[in-house]
Amino acid sequence: MNEGPVYVAVLMVHEQPFATKELAEAVAAQWDADHPEELAAVASLRAEGLDHVADRKATRVEEWPADKWDRQGPGGRKAVWSRMPDRRIVHQALMAYSPDGSISHEFQSAAPVWEFQTDSYTTKDAEWRVERRPGPDGLTEAWVRGCSEEAVAEAYVRARQEALRVCGVGQ
């Protein structure tokens, strides 16, 4: 990467560095299109006269000197995007089971996820895992995510069966 500025797209809690202003602005615009509730929250803060709070929450692009990103930005220059990151609709589900096999809580969603959102991003049709959590509640969590709604639905069934087996109440 050259010594020129880094264009940082500030997207809620994400700070994503880009080599060009155009890339950063394109990602920021798509982020806003994907999160209309955030735009509404910022507008509400502004309507209440809380511009200083709204400014911190608003999606924006900042120009940083490259050495500032090297010092303060996670990943340094290796983290700077010189291409448009991939964005996919990812279907997700989380189920948590009590030791007796009853559902403690359940969550499902389908949302656009960017390649830089490494905790949620995937290119797989479906993947799943089951994990027993330590502690007095002893919850067993079944987690599913993927790009194919049908494959995620099938994985959901398998993850549920495995979670119940881990709880000791399944097949």
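Here the structure is a predicted model, which is why all the values come from computation and not from measurement. (Residues numbered from 1 in each chain as written. Predicted model: local features only at pLDDT ≥ 70, side-chain atom pairs only at ≥ 80, totals over all residues. Heavy atoms only, no water.)

### Let's talk about the sheet that holds strand β6 (residues 127-132)
- Pairing in this open sheet of 4 strands is antiparallel, and the strands run β5-β4-β7-β6 from one edge to the other. For this open sheet the edge positions go to β5 (103-114) and β6, each flanked by a neighbour on one side alone. Neighbouring strand axes in the sheet, compared pairwise and without regard to direction, differ in orientation by 10 degrees on average.
- The pairing of strand β4 (residues 87-97) with strand β7 (residues 140-146) spans 7 bridges and is classified as antiparallel. Across the sheet, the residue bridging to alanine 93 is valine 144, located in β7.
- Sheet strands in contact with helix α1 (residues 21-34) are β4 and β5, and its direction is about 140 degrees off that of β5.
- Along the sheet, helix α5 (residues 149-167) contacts β4, β5, β6 and β7; its crossing angle with β7, the most-contacted strand, is approximately 165 degrees. (Pairing = 2+ DSSP bridges. Helix = DSSP H or I, 4+ residues; strand = E, 2+ residues; numbered from the N terminus. Axes fitted to C-alpha atoms, helices over the stretch in contact; angles between N-to-C directions. Contact = heavy atoms within 4.5 Å.)

### Focus on the sheet that holds strand β2 (residues 14-18)
- Spatially, 3 strands are ordered β2-β1-β3 in an open sheet, and the strand pairing comes out antiparallel. Since the sheet does not close on itself, it has two edges, and those belong to β2 and β3 (60-64), each with one partner. In this sheet, neighbouring strand axes are inclined to one another by 30 degrees on average, regardless of whether the strands run parallel or antiparallel.
- In this sheet, β3 lies alongside strand β1 (residues 6-11) in antiparallel orientation, the contact comprising 5 bridges. When the bridges of β3 are listed, alanine 9 appears paired with valine 61.

### So, α1
- Along its 14 residues, α1 runs 20 Å from first to last C-alpha, staying within 8% of the 20 Å computed at 1.5 Å per residue.
- Of all the positions in α1, only Leu23, Ala24, Val27, Ala28, Trp31 and Asp34 are classed as buried. One face of α1 carries all of its buried residues, which in axial projection span an arc of 130 degrees. Exposed residues lying more than 90 degrees from the buried face of α1 are Glu22 and Ala33.
- Tucked inside the fold, the buried residues of α1 contact β1, β2, α2 (36-47), β3, β4 and β5. (Expected span 1.5 Å × (residues − 1). Buried < 20%, exposed > 50% of the residue type's maximum accessible area, 1.4 Å probe, protein only. Arc of directions from axis to C-beta.)

### As for the packing of aromatic side chains
- On inspection of all chains with the given rule, the structure shows 2 aromatic pairs.
- Residues tryptophan 64 and tryptophan 69 carry aromatic rings whose centres are separated by 5.3 Å and whose planes lie at 55 degrees to one another, so their mutual orientation is tilted.
- For tryptophan 69, a relative accessible area of 0% corresponds to the buried category.
- Between tryptophan 114 and phenylalanine 116 the ring centres are 5.7 Å apart and the planes differ by 5 degrees, which places this aromatic pair in the stacked class. (Phe/Tyr/Trp six-rings, centres within 6.5 Å; stacked < 30°, edge-to-face > 60°.)

### A closer look at the layout of surface pockets
- Taken as a whole, the largest pocket spans an internal volume of roughly 150 Å³.
- As for the largest pocket, its lining consists of His91, Gln92, Ala93, Gln108, Ser109, Glu149, Val152, Ala153 and Tyr156.
- Elements supplying a minimum of two residues to the lining of the largest pocket: β4, β5 and α5. (1 Å grid on protein atoms, 1.4 Å probe; cavity = no way out; pocket = protein on both sides within 12 Å on 5 of 7 lines; lining within 4 Å. Points joined across faces, edges and corners; volume = space filled by probe spheres on them.)

### Observations concerning the pairing of β7
- Buried residues dominate β7, accounting for 7 of its 7 residues.
- Residues Thr140, Ala142, Val144 and Gly146 point to one face of β7 and Glu141, Trp143 and Arg145 to the other, with burial holding for every one of them.
- Sheet topology places β6 next to β7; 6 bridges connect them, and they run antiparallel. Within β7, the position partnered with valine 130 by the bridge is alanine 142.

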